[in-house]
Amino acid sequence: MATVTLKSNPFTTLGNLPKTGNKAPDFTLTNTDLSEVSLANLANKNIILNIFPSVDTGTCATSVRTFNQKAASLDNTKVVCVSKDLPFAHARFCGAEGIENVLSLSDISGEFGKSYQVAFTDGPLKGLLSRSIVVINTKGEVVYTEQVTETTNEPNYDAALAVL
């Protein structure tokens with residue numbers, strides 16, 4: 001399990017992010033139109049998984065906006081924003097913010113949080129997802145991971161983008 005903090009208070013996740021060099025765990029997430037999106041649907045693309053607790057918090061919203069801006073110039077790359085928010089919340093946020101360059105997907109089933117080991121097991125965010133980045137190359141291999149140690153901090157966007 002990984003330990004992260006929220007305003008300096010420690011709590012844990014189910015485990016650790018997938019290891020660099022390994023095949024990325026498969027996933028099926030729910031899109032804003034309620035269709036399913038799986039890792040297989042994104043085959044042969046670079047994928048940046050932007051994982052966070054809720055789109056309705058300042059830092060999470062900033063990460064979606066930042067990746068939306070940066071994703072516009074990326075070739076053969078899809079940014080996938082993932083949280084436990086309902087698909088309707090993702091749709092509301094993206095519509096209000098003009099977010100068009102990322103996929104905003106819901107882990108409504110909770111399976112993604114389990115397979116990527118990012119679900120919080122205790123603390124005030126229990127059941128939600130830890131702020132993390134996982135970059136997957138066109139071969140389906142994990143090439144970069146970051147689990148943000150303080151939940152209120154933003155991820156290292158430049159480091160994630162540099163591996164592409």
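Everything that follows concerns the structure shown earlier in this document.
Because the structure is a prediction, the values reported are computed rather than measured.

**Student:** Can you help me understand the side chain of Q147 in this one?
**Tutor:** Within the secondary structure, Q147 is located in strand β9 (residues 142-147). Here S130 takes part through its side chain, which lies 3.1 Å from a polar atom of the side chain of Q147. Apart from residues lying up to four places away in sequence, Q147 is in contact with A2, V4, T13, L17, V118, S130, R131 and S132.

**Student:** Just to check I follow, could you spell out the environment of N101 for this structure?
**Tutor:** Inspection of the secondary structure puts N101 in the loop between α2 (87-97) and β7 (102-106). In sequence terms N101 and S73 are 28 residues apart; their C-alpha atoms lie 9.4 Å from each other.

**Student:** Honestly, the nonpolar core in this entry has me stumped. Any pointers?
**Tutor:** Soluble, globular proteins show a tendency: their nonpolar side chains are buried together. Grouped together as the largest cluster of nonpolar side chains are 22 residues, with contacts concentrated most on L49, F112 and Y116. Among the elements of the structure, β5 (46-51), β6 (77-83), β7 and β8 (132-136) are those that each provide at least two residues to this core. For this core, the element with the most residues is β5, which contributes three residues. Not counting residues up to four positions away in its chain, the partners in contact with Y116 are N16, L17, P18, A24, P25, D26, F27, L49, V134 and I136. V55, A71, F93 and I133 belong to the second-largest nonpolar core, a separate cluster that totals 17 residues.

**Student:** How do you make sense of the pairing of β6 when you look at a structure like this?
**Tutor:** Of all seven residues that make up β6, six are buried, and the element is covered over most of its length. Relative to β6, β5 is paired through six bridges, and the arrangement is parallel. Directly across from N50, in β6, lies its bridge partner C81. The pairing of β6 with β7 spans five bridges and is parallel. Bridge pairing links S83 to S106 in β7.

Basis of the calculations
Within each chain, residues carry numbers counting from 1 in the order of the written sequence. Whole-chain, interface and lining totals are the exception, using all residues; otherwise, since this is a predicted model, local features are given only for residues with pLDDT of at least 70 and side-chain atom pairs are given and counted only at 80 or more. To obtain the side-chain values, all non-hydrogen atoms of the structure were used and water was disregarded. Helix numbers and strand numbers start at the N terminus; a helix is a DSSP run of H or I with at least 4 residues, a strand a run of E with at least 2. Whenever a nitrogen or oxygen atom comes within 3.5 Å of another N or O atom, the pair is scored as a polar contact, on the condition that within protein one atom can donate a hydrogen and the other can accept it, and that pairs from neighbouring residues in sequence are kept only if both atoms are in side chains. Any two residues having at least one pair of non-hydrogen atoms within 4.5 Å are treated as being in contact. Note on terminology: a nonpolar core comprises buried Ala, Val, Leu, Ile, Met, Phe, Trp, Tyr and Cys residues joined through side-chain atoms within 4.5 Å. We call a residue buried when its accessible area falls under 20% of the maximum for its residue type, exposed when it is over 50%, and partly exposed in between, using a 1.4 Å probe and counting protein chains only. Any two strands are treated as partners once DSSP identifies two or more bridges connecting them.

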